[in-house]
Amino acid sequence: MASYLVTGGAGFIGSHLTEELVRRGHQVRVVDSLITGKRRNLDHVLGVEFIEGDLADLPVCERAVQGVDYVLHQAAIPSVPRSVNDPLASNRANVDASLNILVAARDAGVKRLVYAGSSSAYGNTPTLPKHEEMPTNPLSPYALQKLVAEQYCQMFTRLYGFETVTTRYFNVFGPRQDPGSPYSGVISLFSTAILEGRRPTIYGDGEQTRDFTFVANVVDGVLRACEAPAAAGEVINVATGGRISLNDLLKTMNTIVGTNIEPIYAEARVGDVKDSQADISRAKTLLGYTTIVPLEAGLETTIAWCRAESASVSGR
Ligand code: UD1
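Anyway, here's the lowdown on the structure attached to this text.

Considering the packing of aromatic side chains
Per the counting criterion, the structure on display carries four aromatic pairs. Judged by centre distance (5.6 Å) and plane angle (65 degrees), the ring pair of Phe173 and Phe214 falls under edge-to-face. Of this pair, Phe173 sits in strand β7 (residues 172-173) while Phe214 is found in strand β10 (residues 213-214), placing the two residues 41 residues apart along the sequence. Phe173 gets classed as buried once you look at its relative accessible area, which sits at 1%. We classify Phe214 as buried; its relative accessible area is 9%. Positioned above the aromatic ring of Phe50, the side-chain terminus of Arg39 is 4.0 Å from the ring centre.

Structure below.
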């Protein structure tokens, strides 16, 4: 049994990591500001120590890291358009807080910190798939902030010998991804729209592509990254290696639900990346990672969850 701190553990990805760690018998502490996370995401997970606090305050980080072996740093304000609209708030959450947790974890003798990086760091690359040796080209404050924090991680490994690993996520989706804001991930927005019989919005012509990754794959990749000896100091894509356009995504989701809902097209978002697809060979080599849940199976699970969720909300 080891002890873990999951920052952002009441959020979408963080709550899945927390759930799996508890299932494996580990001791888990969660720290979350509840700005985007929700206590109810952890209601079904027993025995978790919860600290409510903002990691941009160093004392919160110092308290949170006491006695832990591993830190899974998932806390962030995760949205490209939100960062375009409010770069200061997202910088505080994505950069200041990350530096604080690195300093606190290093000083507390934590064995390793695994950081939730983002595929947005690549920007538009001339070729696909995107591999970790490609130059980065952030197109939004969010992308830049995610890149700065991952570079801090690598620097902490080089400068101080503090082990860090960055797992670069590619458009993660699944149950508990909040559909309640215009900044929400596109799959959660499409799911709720289709189930409610509303037309979802597609920004741009819908021909942009993404490597949508079901959350169970990410949980597996991150937990492997905690322990794989050769991963220290590395940046590693965690994704499926595939890609689908938004137009085709909507068709697939319509087929799963048995509907034929047409989108409304709106102007493309500023800061949006055109195509995103991961090369996952480094994850395979260093982590023994492989995709365990493909896109379609993940969509079915997610849509079933959204359906149950809306039934429970309307029954309350
Ligand atoms: C980006 C990152 C991703 C990161 C996420 C955090 C890239 C390639 N990916 O995701 O790694 O985790 O930020 O927020 O940069 N869209 C619609 N209709 C909607 C909502 C979105 O058409 O209602 C479009 C967007 O314009 C975009 C695509 O769907 O082209 C995906 O959007 P979203 O789910 O917000 O994620 P990214 O910005 O791609």
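Considering the pairing of strand β5 (residues 112-118)
With respect to burial, β5 is a largely interior element, seven of its seven residues being buried. Of the two faces of β5, the one carrying Arg112, Val114, Ala116 and Ser118 and the one carrying Leu113, Tyr115 and Gly117 are both buried. Pairing geometry for strand β4 (residues 70-73) and β5, over four bridges, is parallel. Bridging across to β5, Val71 finds its partner in Leu113. With six bridges joining them, β5 and strand β6 (residues 164-169) adopt parallel strand pairing. Across the sheet, the residue bridging to Leu113 is Thr164, located in β6. As for the winding sense of the linkage, the β-α-β connection from β5 through helix α5 (residues 141-160) to β6 is right-handed.

Describing the site of the ligand
Neighbouring the ligand are 22 residues, the closest being Pro78, Val186, Thr201, Arg210 and Asp272. At a separation of 3.1 Å, an oxygen atom of the ligand approaches a polar side-chain atom of Asn171. A distance of 3.0 Å separates an oxygen atom of the ligand from a polar side-chain atom of Gln208. Contributions of two or more residues to the shell around the ligand are made by α6 (186-195) and β8 (201-203). Per-element accounting of the shell around the ligand gives the leading share, three residues, to β8. Among the residues making up the shell around the ligand, the classes are represented as ten nonpolar, nine polar and three charged.

A closer look at the nonpolar core
Counting 56 residues, the largest nonpolar core has Ile13, Leu72, Leu249, Met253 and Leu287 as its most contacted members. When residues of this core are assigned to their parent elements, the largest contribution, seven residues, is made by helix α7 (residues 215-227). Not counting residues up to four positions away in its chain, the partners in contact with Met253 are Ile187, Phe190, Ser191, Ile194, Leu299 and Ile303. Core analysis: the second largest hydrophobic core is formed by 23 residues, Val68, Val71, Ala75 and Leu113 among them.

A few points about the side chain of Lys130
Tracing the backbone shows Lys130 in the loop between β5 and α5. In this structure Lys130 is buried but unpaired, with Asp275 as the nearest side chain of opposite charge at 7.4 Å. Those residues within four positions of Lys130 in sequence are excluded, and the remaining contacts are Tyr122, Gly123, Thr125, Asn237, Val273, Asp275, Ser276, Gln277, Ala278 and Asp279.

Quick look at the packing of helix α4 (residues 87-107) against α5
α5 packs onto α4 with a crossing angle of 15 degrees between their chain directions and a minimal axis gap of 9 Å. Taken together, the axis directions place α4 and α5 in an arrangement best described as roughly parallel. The handedness of the crossing between α4 and α5 comes out as right-handed. Here Pro87, Ser90, Asn91, Asn94, Val95, Ser98, Leu99, Leu102, Val103 and Arg106 of α4 come into contact with α5, specifically with Pro141, Tyr142, Gln145, Val148, Ala149, Tyr152, Cys153, Phe156 and Tyr160. Looking at the contact of α4 with α5 residue by residue, the classes come out as 13 nonpolar, five polar and one charged.

Focus on the packing of α6 against helix α8 (residues 246-257)
At a minimum axis separation of 11 Å, α6 and α8 run at an interaxial angle of 45 degrees. In terms of axis orientation, α6 runs oblique to α8. Handedness of the crossing formed by α6 with α8: right-handed. For the pair α6 and α8, contact is made by Val186, Ile187, Phe190, Ser191, Ile194 and Leu195 and by Leu246, Leu249, Leu250, Met253, Asn254 and Val257, respectively.

Brief notes about unusual backbone geometry
The peptide bond linking Leu128 to Pro129 adopts the cis configuration, its omega dihedral lying at -10 degrees. For Pro129, the location among the structural elements is in the loop between β5 and α5. Its identity is not glycine, yet Leu34 carries a phi of approximately 65 degrees, on the positive side. Leu34 gets classed as partly exposed once you look at its relative accessible area, which sits at 25%. At Asn171, a residue that is not glycine, the phi angle is positive and equals roughly 40 degrees. Considering the arrangement of structural elements, one finds Asn171 in the loop between β6 and β7.

Here is what the cut-offs are and how they apply
- Residues numbered from 1 in each chain as written.
- Predicted model: local features only at pLDDT ≥ 70, side-chain atom pairs only at ≥ 80, totals over all residues.
- Heavy atoms only, no water.
- Phe/Tyr/Trp six-rings, centres within 6.5 Å; stacked < 30°, edge-to-face > 60°.
- Helix = DSSP H or I, 4+ residues; strand = E, 2+ residues; numbered from the N terminus.
- Buried < 20%, exposed > 50% of the residue type's maximum accessible area, 1.4 Å probe, protein only.
- Lys NZ or Arg CZ within 6 Å of the ring centre and 35° of its normal.
- Pairing = 2+ DSSP bridges.
- Right-handed = clockwise from strand over helix to strand, strands pointing away.
- Near = heavy atom within 4 Å.
- Polar contact = N/O pair within 3.5 Å; in protein donor to acceptor, adjacent residues only side chain to side chain.
- Nonpolar A, V, L, I, M, F, W, Y, C, P; charged D, E, K, R; others polar.
- Core = buried A, V, L, I, M, F, W, Y, C linked by side-chain atoms within 4.5 Å.
- Contact = heavy atoms within 4.5 Å.
- Lys, Arg positive; Asp, Glu negative; His and termini not counted.
- Salt bridge = Lys/Arg side-chain N within 4 Å of Asp/Glu carboxyl O.
- Axes fitted to C-alpha atoms, helices over the stretch in contact; angles between N-to-C directions.
- Parallel < 35°, antiparallel > 145°, perpendicular 65-115°, else oblique.
- Left-handed = near helix turned anticlockwise from the far one by under 90°.

Interpretation in functional terms is not warranted from these geometric data alone.
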